[in-house]
Amino acid sequence: MTTLADRPNTALVVVDVQNGVVSGAHERDLVVANINTLVGRARAADVPVVWVQHSDEGMTVGSEDWQLVPELSPADGEPRVRKTWGDSFEDTDLEVVLAQRGVGRLVVTGAQTDACIRSTLHGALVRGYDATLVGDGHTTEDLREWGFPVSPEQSIAYTNMYWSWASAPGRQGTVTPTAEVDFSAG
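This report concerns the structure included in the present document.

## Some thoughts on helix H4 (residues 113-126)
- If you check H4, its first and last C-alpha atoms are 18 Å apart, about what 14 residues at 1.5 Å a residue would give, namely 20 Å.
- Of all the 14 residues making up H4, ten are buried; the element is thus mostly covered by neighbouring parts of the structure.
- Listing the buried residues of H4 in full gives Thr113, Asp114, Cys116, Ile117, Arg118, Thr120, Leu121, Gly123, Ala124 and Leu125.
- Backbone geometry just downstream of H4 places Gly128 in the positive-phi region, at approximately 105 degrees.

Encoded structure:
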């Protein structure tokens with residue numbers, strides 16, 4: 001249970017599912033379809049959907065690479081958080097967005113598994129949130145040519161395994177497949 005007082009609500013957080021991030025990602029179409037399913041289910045359950053977009057010198061705000069993939073469309077009024085660090089909380093208004101909505105539990109999806117997803121999950125846990133990683137709702141590209149020691153499949157599997165054991169006093173990390181995400185669970 002979250003350690004954040006008076007924050008009983010859940011939010012779906014969609015991290016960096018942008019053209020320039022997922023164009024070469026492992027099982028891109030399947031992961032994007034799973035995220036789209038979750039977005040629809042969250043909206044139907046009146047659960048906030050928060051869209052996070054990364055920018056840097058190689059992916060500038062407003063560029064085609066910076067845009068969300070065409071399969072995903074934020075609804076009017078759904079918050080969009082711009083970030084420049086791996087952790088979606090770092091130097092952004094994500095905490096304010098979540099606090100305004102009474103959110104203490106996050107359901108996290110997106111890219112890249114071995115960078116912004118891991119950073120955001122850890123950022124959530126240390127800030128007092130419960131954080132559920134959607135096991136088939138995150139992806140990464142093959143980074144072995146730059147020295148990364150494992151394949152995208154291995155990175156995803158490893159992240160799913162270790163996050164299922166993540167915990168801190170009064171808060172919990174969990175991993176759940178798309179089909180089993182329960183937006184009513186607090």
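## Observations regarding helix H5 (residues 152-163)
- Along its twelve residues, H5 runs 16 Å from first to last C-alpha, staying within 8% of the 16 Å computed at 1.5 Å per residue.
- Those residues of H5 that fall on the buried side of the exposure criterion are Pro152, Ser155, Ile156, Thr159, Asn160, Tyr162 and Trp163.
- Contacts from the buried residues of H5 go to H4, strand E5 (130-139) and strand E7 (171-176).

## A closer look at the sheet that holds strand E1 (residues 9-15)
- Across the sheet, seven strands lie side by side as E3-E2-E1-E4-E5-E7-E6; this open sheet has mixed pairing. Here the strands that pair on one side only, and so sit at the sheet edges, are strand E3 (80-83) and strand E6 (167-168).
- Where E6 lies against E7, two bridges are found, and the strand directions are antiparallel. By the bridge assignment, Ala168 is partnered in E7 with Arg171.

## Re the pairing of strand E2 (residues 49-54)
- Counted residue by residue, E2 has six buried out of six residues, so it is predominantly covered.
- In E2, alternate side chains face the same way, and those of Val49, Trp51 and Gln53 on one face and Val50, Val52 and His54 on the other are all buried.
- Looking at chain direction, E2 and E3 are connected through four bridges and run parallel. Paired with Trp51 across the strands is Arg80, a residue of E3.

## Quick word on the pattern of salt bridges
- Under the criterion given, the structure shown has eight salt bridges.
- Residue Glu78 is joined to Arg43 by a salt bridge in which the shortest nitrogen-to-oxygen separation is 2.8 Å. Here Glu78 is found in the loop between E2 and E3, whereas its partner Arg43 is found in helix H2 (residues 28-44), with 35 residues between them in sequence.
- Overall, Arg43 belongs to the partly exposed group, its relative accessible area being 35%.

## Side note on the environment of His26
- Its location among the elements puts His26 in the loop between helix H1 (19-22) and H2.
- The spacing of His26 and Ser151 is 125 residues in sequence and 9.4 Å in space, taken between C-alpha atoms.
- Every residue in contact with His26, bar those within four places of it in the chain, is listed here: Val31, Thr139, Thr140, Pro152, Glu153 and Ile156.

## Details of the environment of Ala157
- Looking at the secondary structure, you find Ala157 in helix H5.
- By relative accessible area, Ala157 is classed as partly exposed at 46%.
- Separated by 49 residues in sequence, Ala157 and Val108 place their C-alpha atoms 16 Å apart.

## Thoughts on the packing of H4 against H5
- Two numbers describe how H4 lies on H5: the axes approach to 11 Å, and their chain directions differ by 10 degrees. As summarised for this structure, H4 and H5 are arranged roughly parallel, according to the angle between their axes. Where H4 approaches H5, its residues Thr113, Asp114, Arg118, Leu121, His122 and Leu125 are matched on the opposing element by Ser155, Ile156, Tyr158, Thr159, Tyr162 and Trp163.
- Within the contact of H4 with H5, the residues separate by chemical class into six nonpolar, four polar and two charged.

The rules behind each value
Residues numbered from 1 in each chain as written. Predicted model: local features only at pLDDT ≥ 70, side-chain atom pairs only at ≥ 80, totals over all residues. Heavy atoms only, no water. Helix = DSSP H or I, 4+ residues; strand = E, 2+ residues; numbered from the N terminus. Expected span 1.5 Å × (residues − 1). Buried < 20%, exposed > 50% of the residue type's maximum accessible area, 1.4 Å probe, protein only. Contact = heavy atoms within 4.5 Å. Pairing = 2+ DSSP bridges. Salt bridge = Lys/Arg side-chain N within 4 Å of Asp/Glu carboxyl O. Axes fitted to C-alpha atoms, helices over the stretch in contact; angles between N-to-C directions. Parallel < 35°, antiparallel > 145°, perpendicular 65-115°, else oblique. Nonpolar A, V, L, I, M, F, W, Y, C, P; charged D, E, K, R; others polar.

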